[in-house]
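Listed below are the residues making up each chain.
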Amino acid sequence: MKKIKLGLAAAVLLAGVSGQALAAEVGKFYGAVDVGQSTLNGFCDAAAGAATCEETDTAFRGAVGYQVMPSLAVEAGYGNYGTATATGGGLTVEGEVTSFQVSAVGSYPVADAFSVTGKLGMAMSTAKVTATFGGASGSAEEDSTDVVFGVGVLYNVNESIGLRAQWETITNDDAIDLLSAGVVFNF
């Protein structure tokens, strides 16, 4: 399934690179702020004996980009994918993931101000797990570099502001999925 999603994202990205020109001007910078719901897949499987477990949370991300071609941008961003929590028997385990990403973002216009987008890049992620039991706590961190890909839509309100919605995944051992909406500010 991951290979199918990766193939779909790559196809959208490549279609955007070879497609019609967008209203976006080459050589322009943009900034974006996104908020959405993340899922830290596999967290609750690892905490199988927990009385309660929640692997979804609110995620926040900020990004800056540069329009290389009318249908291709390079984007760098930082995101906090929220905290997953498992509790049971006096033990609380929390997992949090943050990520710095560098991606190519292709876009393909489908209507006057609407475009579909595809994202393909690398995510340098840090996963932190904290366990608390009876007032004592301990934590561990792990860094990884993984592929990030996604698809979305963009609506250009005017030359300065756009609205976007996107789904993306970071393909680590247990994928991190994010469904988000955001605002794009063109400079």
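The structure reproduced in this document is the subject of the present report. For clarity, every value in this text was computed on a predicted model and none was experimentally measured.

## A few points about the packing of aromatic side chains
- Inspection of every chain in the model, using the stated rule, returns three aromatic pairs.
- Summarising the aromatic geometry, the rings of Phe29 and Tyr66 are spaced 4.8 Å apart at their centres and angled 55° between planes, so their arrangement reads as tilted. Residue Phe29 is located in strand S1 (residues 29–40), and its partner Tyr66 is located in strand S3 (residues 56–69); the two are separated by 37 residues in the primary sequence.
- Owing to a relative accessible area of 35%, Tyr66 belongs among the partly exposed residues under this scheme.
- Consider the rings of Phe114 and Tyr155, whose centres lie 4.7 Å apart with planes at 40°: the pair is tilted. With Phe114 in strand S6 (residues 114–133) and Tyr155 in strand S7 (residues 136–156), this pair connects stretches of sequence that are 41 residues apart.
- A relative accessible area of 41% means that Phe114 is categorised as partly exposed.
- Judged by its relative accessible area of 32%, Tyr155 falls in the partly exposed class.

## Things to note about the pairing of strand S8 (residues 161–170)
- Alignment of S7 against S8, held across nine bridges, turns out to be antiparallel. Within the sheet, the bridge partner assigned to Gly152 lies in S8 and is Gln166.
- If you look at the hairpin formed by S7 and S8, you'll find four residues sitting between the two strands.
- With antiparallel pairing between neighbouring strands as the criterion, S8 and strand S9 (residues 176–186) make up a hairpin whose turn holds five residues.

## Focus on the side chain of Gln67
- Residue position: Gln67 is located in strand S3.
- Looking at Gln67, its side chain comes within polar contact range of the main-chain oxygen of Met69, at 2.8 Å.
- A distance of 3.5 Å separates a polar atom in the side chain of Gln67 from the backbone oxygen of Leu72.

Definitions and limits used
- Residues numbered from 1 in each chain as written.
- Predicted model: local features only at pLDDT ≥ 70, side-chain atom pairs only at ≥ 80, totals over all residues.
- Heavy atoms only, no water.
- Phe/Tyr/Trp six-rings, centres within 6.5 Å; stacked < 30°, edge-to-face > 60°.
- Helix = DSSP H or I, 4+ residues; strand = E, 2+ residues; numbered from the N terminus.
- Buried < 20%, exposed > 50% of the residue type's maximum accessible area, 1.4 Å probe, protein only.
- Pairing = 2+ DSSP bridges.
- Polar contact = N/O pair within 3.5 Å; in protein donor to acceptor, adjacent residues only side chain to side chain.

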